[in-house]
Amino acid sequence: MFLHHLKYDILSMLRTKALVIWLIIFPIVLGIFFKVAFGSVYEKEVKFDAVPAAVVEEEKDPYFAAAAKALSEGDDPFMELTYTDEKEALSLLKNGKVKGIIYAGGELRLSVAGSGSGETMLKVFADSYNAQRKVIVDTAENDPARLPKVIEALSQEISPATKVSVTDGNTDLYNQYFFNLLAMVALYGSLLGINITLYNQADLSPLSARKSCSPAHRFTGLLATLVSCILMETVCMTISVTFLHFVLDVDLGKHMGLVYLTSILGGILGVAIGFFIGACNSFSFNTKVGISMVFSMLACFLSGLMIGNIKPFIQQHCPIVNDINPAALISDSIYCLNICSDYRRFTIKIVTMAAMTAVLMILGLICTRRKKYASL
Amino acid sequence: MENTVVKIDSLVKRYGDLIALDHFSLEIKEGEIFGLLGPNGSGKTTTINCLLSLLAFDKGDIKIFGKEMTPTSYDIKKDIGVIMQNVAVFDELTVYENIDYFCGLYITDKAERKKCVDEAVRFVGLEDFLKFRPKKLSGGLLRRLNIACGIAHKPKLIILDEPTVAVDPQSRNKILEGIQELNARGATVIYTSHYMEEVEKICTRIAIMDKGKKIAEGTKDQLKRMIKNTETITVEVLGLTDEVISQIAGLPHIYDHSYDGSLLTVFCSGGKHNLIRVMEVLQKNDLSFGRVYTELPTLNDVFLEITGKALRDKED
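Presented here is a report on the structure given in the accompanying data block. Every value quoted in this text rests on a predicted model; they were computed, and no experiment measured them.

## Brief notes about the overall build of chain A
Right, on to step 1. Looking only at helices and strands, one finds 16 helices and 4 strands in chain A.
Right, on to step 2. Buried positions account for 52% of the 376 residues belonging to chain A.
Right, on to step 3. A separation of at least 24 residues holds for 72% of the contacts in chain A among residues at least 6 apart in sequence.
Right, on to step 4. Summed over all atoms, the accessible surface of chain A reaches about 16,300 Å², with 64% contributed by carbon and sulfur.

This is the structure in structure tokens:
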């Protein structure tokens, strides 16, 4: 009976045009769009010279000094820093000798005269430094031995042009968009998850009402639809990762196996979200689809799918959002696989995703356990 | 027609302040085609949903095949076929796949299932549409698919909830004939409709519902005997004077009449040769007339007389 349900659930989903469009075609098209849009930008950026900037030290800040040193030295430096006073710095900026003035001492402030890519990169540096300064200070106070490593990680994170040998992946700024694209495909799994209730909750459709009248055990049907959604989402995630990596040549790092597994787990989380959205309320099916889409897009927006710098901003002002935002968790997990040499942060993200999946599935099951309805 | 297949005892279902079923009771015997007739909103579908244990009800008792019906009464459910008011099929599956899917919920043996599916396909006449998706089917064919999905497993009790809504007359007749054939093969049928002609045509026993209550029950003849009217005579005639009308009204067994300037309608209660007597009056007064016809009482007349209003579809 389980296989009978499974066969037709999969067949039905595979033939649902909306699902194929949103879960397979749309991500491929968006991936191509990203590649076309960012590909040329990246090509330009890797050839960038170091960005000239003036530093005005309002207070001595050893952490900034260490980070600045890491970013302005080496074969392919990110910045070319000139330490000076404010008057001289303003003069340099006015004459176009520097792209911006960094005011160091506590939280960084930045003053720029234009809006070019150099200025943008300085802004990225300032934002990222401010977002991670607390981590740097905490590490310096509690575990000074790890400080160089943390600063190195920061360097890698904010420098789109630097490839540091201590990482076994890449730190291309624009890869974030592709990671978020994968997060989006995963969260679109919620569109599949809603089907679990559509196919099995008698008050949602005549189809499920008819199924409820049959002698087939309700849980068997529910489980079969759940498994079919997970299988379908697994296929979609696999297609997306494969297309990005092997067709569009997006560098997803050296741990491709883990990237696949992370993406699939993200997809299962998406299915669980859809299952919960479908089960926890009595709205119509279309309303549930709407809720699911809005949630997915909002989560992806907050994770940086549309505006790349939003995640550091959220990390600075409300870090809990990044800790529970499923899109951020998925994209961060893949990001961690690319830049971290240890798996601690990656593991935390994965465990959080697995826990969220389990909780949402259990809540979904609790909400759908009812067998009779007050109204149909 | 001995065994009781369905027994509903004093069923009460409320939606907030609205009482959808008000101490509704029913007993359906094996081999019957039992009609639940009533206007839209009278409680027919609510009754069916309670019967199938889809809806929770406030009070009452439901037994099918002598056993209490619950959501987990799988042994009862395997012998029930349901054809819902709304077409309940997968839009993405073909005609054959849909029937196979629903039949598979009842029959696990593949060979047996294939036989049943093929038989159901033939029964509803969808042999030429096996690979069609539901969206490609006309309204009538779609309803036939809906029926095939409900009867493929050869149930002992078939519940049809308004299966002919929005169906063309040709398909409607085919559906009605099919239901009679299923009954002839041994299935007990519960048929809900607000189309009195359908119920009158196929049902062996009928319950008339209104506002959640059963207002009458019996065979169609029994129901018709419950009311005063036995015959309605209609004559197209012009220039009828008050004197002639009063002569007609004074004839025996005539209890009511109406005249709108061209159409005379006479309502009779019992008696023989009422039409001849009306014709004689017209002839005696040297009046020429056009079409003349008589009608026996319909279930709508029954409904009208009991509730004081027509069945809503008639009104529409």
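After that view, the rundown keeps rolling.
## Section: the overall build of chain B
Right, on to step 1. When you go through chain B residue by residue, the secondary structure sums to 12 helices and 14 strands.
Right, on to step 2. In terms of overall dimensions, chain B has a C-alpha envelope of 75 × 45 × 35 Å along the principal axes.
Right, on to step 3. Across the 316 residues in chain B, those meeting the buried criterion constitute 51%.
Right, on to step 4. Expressed as a percentage of contacts within chain B between residues at least 6 apart in sequence, the contacts between residues at least 24 apart total 68%.
Right, on to step 5. Just so you have it, chain B exposes about 14,300 Å², and 49% of that area is on carbon and sulfur atoms.

## As for empty space enclosed by the protein
Vacant regions in the atomic arrangement are exposed by a probe of water-molecule size rolled over the atoms.
Right, on to step 1. For the structure shown, the criterion picks out 2 cavities of 30 Å³ or more.
Right, on to step 2. By volume, the largest cavity is sized at about 210 Å³.
Right, on to step 3. The wall of the largest cavity is formed by 19 residues, among which K211(A), S212(A), A216(A), R218(A) and K77(B) lie closest to the centre.
Right, on to step 4. Mapped onto the lining of the largest cavity, the elements with two or more residues apiece are α8 (189-200), α9 (206-212) and α10 (218-247) of chain A together with α2 (74-77) of chain B.
Right, on to step 5. Here the lining of the largest cavity takes 3 residues from α9(A), the largest share from any one element.
Right, on to step 6. Counted as a void, the second largest cavity has a volume near 50 Å³.
Right, on to step 7. Looking at the second largest cavity, the residues that line it are R210(A), S214(A), V82(B), F102(B), L105(B), Y106(B), C149(B), G150(B) and H153(B).
Right, on to step 8. Here the lining of the second largest cavity is composed, by residue class, of 5 nonpolar, 3 polar and 1 charged.

## Digging into a nonpolar patch on the surface
Right, on to step 1. Residues I21(A), W22(A), I25(A) and V29(A) make up a contiguous nonpolar surface patch of roughly 340 Å² in combined accessible area.
Right, on to step 2. With respect to the helices and strands, I25(A) occurs in helix α2 (residues 17-45).

## Looking at the layout of surface pockets
Right, on to step 1. As a volume, the second largest pocket reaches approximately 760 Å³.
Right, on to step 2. As for the second largest pocket, its lining consists of 26 residues, and the residues nearest its centre are T16(A), F285(A), D91(B), E92(B) and K135(B).
Right, on to step 3. Among the residues making up the lining of the second largest pocket, the classes are represented as 16 nonpolar, 3 polar and 7 charged.

## Looking at the pattern of salt bridges
Right, on to step 1. Scanning all chains against the criterion turns up 22 salt bridges over all chains.
Right, on to step 2. Of the charged contacts, one joins D332(A) and K349(A) as a salt bridge, the two residues approaching to 3.5 Å between their closest N and O atoms. Within this pair, whereas D332(A) is found in helix α15 (residues 326-339), its partner K349(A) is found in helix α16 (residues 344-367), the two being separated by 17 residues in sequence.
Right, on to step 3. Overall, the relative accessible area of 10% leaves K349(A) in the buried class.
Right, on to step 4. Residues E27(B) and K29(B) are paired through a salt bridge, measuring 3.3 Å at the closest nitrogen-oxygen approach.
Right, on to step 5. Note on E27(B): relative accessible area 30%, which makes it partly exposed.
Right, on to step 6. In this structure K29(B) comes out as partly exposed when scored by relative accessible area, which is 27%.
Right, on to step 7. A single network of salt bridges, built from pairs that share partners, joins E32(B), R205(B), K214(B) and E217(B).

## Considerations on the sheet that holds strand β5 (residues 67-68) of chain B
Residues and elements named next belong to chain B.
Right, on to step 1. Read across the open sheet, the 4 strands follow the order β2-β1-β4-β5; overall the sheet is antiparallel. A strand with exactly one partner marks an edge of an open sheet, and here the two such strands are β2 (18-29) and β5.
Right, on to step 2. Pairing of strand β4 (residues 59-64) with β5 involves 2 bridges; the strand directions are antiparallel. Looking at β5, one finds that I64 is bridged to K67.

## So, the interface of chain A and chain B
Right, on to step 1. Contacts between chain A and chain B engage 30 residues on the former and 38 residues on the latter.
Right, on to step 2. Summing both partners gives a buried area of about 3,000 Å² for chain A against chain B, and 64% of it is carried by carbon and sulfur.
Right, on to step 3. Taken as a group, R210(A), C213(A) and K372(A) account for 25% of the area that chain A buries against chain B, more than any other trio of residues on that side.
Right, on to step 4. Where chain A touches chain B, the interface holds 1 salt bridge.
Right, on to step 5. For E97(B), the salt bridge goes to R15(A), with nearest N and O atoms at 2.6 Å.
Right, on to step 6. Counting across the interface, chain A meets chain B through 11 residue pairs in polar contact (both at pLDDT 80 or more).
Right, on to step 7. Counting residues per element, the ones that place at least two in the side of chain A that touches chain B are α1 (2-14) and α9 of chain A.
Right, on to step 8. When the residues that make up the side of chain A that touches chain B are grouped by side-chain class, the tally is 14 nonpolar, 8 polar and 8 charged.

## With respect to the packing of helix α7 (residues 175-187) of chain A against helix α11 (residues 256-279) of chain A
All names here are of chain A.
Right, on to step 1. Orientation of α7 relative to α11, taken along the N-to-C sense of each, is 40°, at an axis distance of 7 Å. Comparing the axis directions of α7 and α11 gives the class oblique. Packed against α7, whose contacting residues are L182, A186 and L187, the element α11 presents S263, G266, G267, G270 and I273 at the interface.
Right, on to step 2. Tallied by class, the residues present in the contact of α7 with α11 amount to 4 nonpolar, 4 polar and no charged.

## Looking at the sheet that holds strand β9 (residues 205-210) of chain B
All names here are of chain B.
Right, on to step 1. Spatially, β6-β7-β8-β3-β9-β10 is the arrangement adopted by the 6 strands of the open sheet, whose pairing is mixed. Where the open sheet ends on each side, the last strands, each with one partner, are β6 (80-83) and β10 (213-218). Strand-to-strand twist in this sheet, taken as the mean axis angle between neighbours without regard to direction, amounts to 15°.
Right, on to step 2. Where strand β7 (residues 157-161) and strand β8 (residues 188-193) come together, 5 bridges link them in parallel fashion. The residue of β8 that forms the bridge with L157 is T188.
Right, on to step 3. Helix α1 (residues 44-51) rests against β3 (33-37), β7, β8 and β9 of the sheet, and its axis sits at about 145° to β8.
Right, on to step 4. The sheet contacts of helix α11 (residues 299-307) involve β3, β9 and β10, and relative to β9 the element is tilted by about 40°.

## Examining the nonpolar core
Right, on to step 1. Of all hydrophobic cores here, the largest spans 117 residues; its most connected members are I99(B) and Y191(B).
Right, on to step 2. Sorting elements by how many residues they give to this core places α11(A) first, with 11 residues.
Right, on to step 3. With near-sequence residues (within four places) excluded, Y191(B) lies in contact with F34(B), G35(B), L36(B), L160(B), P163(B), T164(B), L176(B), I179(B), E198(B), V199(B), I202(B) and C203(B).
Right, on to step 4. Membership of the second largest hydrophobic core comes to 32 residues, among which are A209(A), I8(B), V82(B) and A207(B).

## Focus: a positive patch on the surface
Right, on to step 1. A contiguous patch of positive charge on the surface is contributed by K17(A), R133(B), K135(B) and K136(B).
Right, on to step 2. The class for K135(B) is exposed, based on a relative accessible area of 70%.

## Focus on the packing of aromatic side chains
Right, on to step 1. Scanning the model with the defined rule gives 18 aromatic pairs over all chains in all.
Right, on to step 2. Centroid distance F34(A) to F178(A): 5.9 Å. Interplanar angle 85°. Geometry classified as edge-to-face. Of this pair, F34(A) sits in helix α2 while F178(A) sits in helix α7, and the two are 144 residues apart along the sequence. Of the two residues, F34(A) and F178(A), both sit in the buried class.
Right, on to step 3. Connected via pairs of aromatic rings, a cluster forms that spans Y8(A), Y199(A), F90(B), Y101(B) and F102(B).
Right, on to step 4. The positively charged end of R109(A) is found above the aromatic ring belonging to Y103(A), 4.6 Å away from the centroid.
Right, on to step 5. Over the face of the ring belonging to Y195(B) we find R172(B), whose NZ or CZ atom lies 4.2 Å from the ring centre.

Rules used in this analysis
One numbering rule holds for all chains: residues counted from 1, following each sequence as written. To read the labels, note that chains go from A and ligands from 1, taken in the order they are written. The predicted origin of the model limits local features to residues at a pLDDT of at least 70 and limits the giving and counting of side-chain atom pairs to 80 or more, whereas totals for whole chains, interfaces and linings rest on all residues. Derived side-chain values reflect all non-hydrogen atoms in the structure, with water molecules and hydrogen atoms excluded from consideration. Numbering goes from the N terminus for both helices and strands, where a helix is a DSSP run of H or I of at least four residues and a strand is a run of E of at least two. Relative accessible area decides the class of each residue, using a 1.4 Å probe on protein chains only: under 20% of the type maximum gives buried, over 50% gives exposed, and in between gives partly exposed. Throughout, a residue-residue contact means that at least one pair of heavy atoms, one from each residue, lies within 4.5 Å. Per-residue and other accessible areas were derived by the Shrake-Rupley procedure at a 1.4 Å probe size, with only the shown protein chains allowed to occlude residues. Think of a 1 Å grid over just the protein atoms. A cavity is a set of points where a 1.4 Å probe fits yet cannot get out, a pocket is an open set with protein on both sides within 12 Å along at least five of seven lines, and lining residues have an atom within 4 Å of a point. Grid points are joined across faces, edges and corners, and a volume is the space filled by probe spheres set on the points. When residue character is reported, Ala, Val, Leu, Ile, Met, Phe, Trp, Tyr, Cys and Pro are called nonpolar, Asp, Glu, Lys and Arg charged, and the others, Gly included, polar. Patches here are clusters of residues that have more than 30% relative accessible area and form no salt bridge, with a 9 Å joining cutoff for like charges and a 5 Å cutoff for nonpolar side chains (Val, Leu, Ile, Met, Phe, Trp, Tyr). Just to be clear on terms, a salt bridge is a Lys or Arg side-chain nitrogen sitting within 4 Å of an Asp or Glu carboxyl oxygen. Two strands make a pair as long as DSSP finds a minimum of two bridges between them. Here the buried area means the combined drop in accessible surface, using a 1.4 Å probe, for two parts upon being joined, counting both sides. Within 3.5 Å is the distance limit for a polar contact, defined as a pair of N or O atoms, with the added protein rule that one can donate a hydrogen and the other accept it, and that residues adjacent in sequence qualify only through two side-chain atoms. Only the contacting stretch of a helix is used when fitting its axis, a line to C-alpha atoms as for every element, and angles between N-to-C directions run 0 to 180 degrees. Relative orientations are named as follows: roughly parallel for angles under 35 degrees, roughly antiparallel for angles over 145 degrees, roughly perpendicular for angles from 65 to 115 degrees, and oblique for any other angle. Buried Ala, Val, Leu, Ile, Met, Phe, Trp, Tyr and Cys residues that are joined via side-chain atoms within 4.5 Å together make up what is termed a nonpolar core. We score Asp and Glu as negative and Lys and Arg as positive, and we do not count His or the chain ends. We put the charge of a Lys on NZ, of an Arg on CZ, of an Asp on CG and of a Glu on CD. Two rings from Phe, Tyr or Trp (for Trp, the six-membered ring) form a pair when their centres are within 6.5 Å of each other. A pair whose planes differ by under 30 degrees is stacked, one over 60 is edge-to-face, and the rest are tilted. Charge-over-ring contacts are defined here by two conditions on Lys NZ or Arg CZ: a distance within 6 Å of the ring centre and an angle within 35 degrees of the ring normal.

That is the geometry; function is a separate question.
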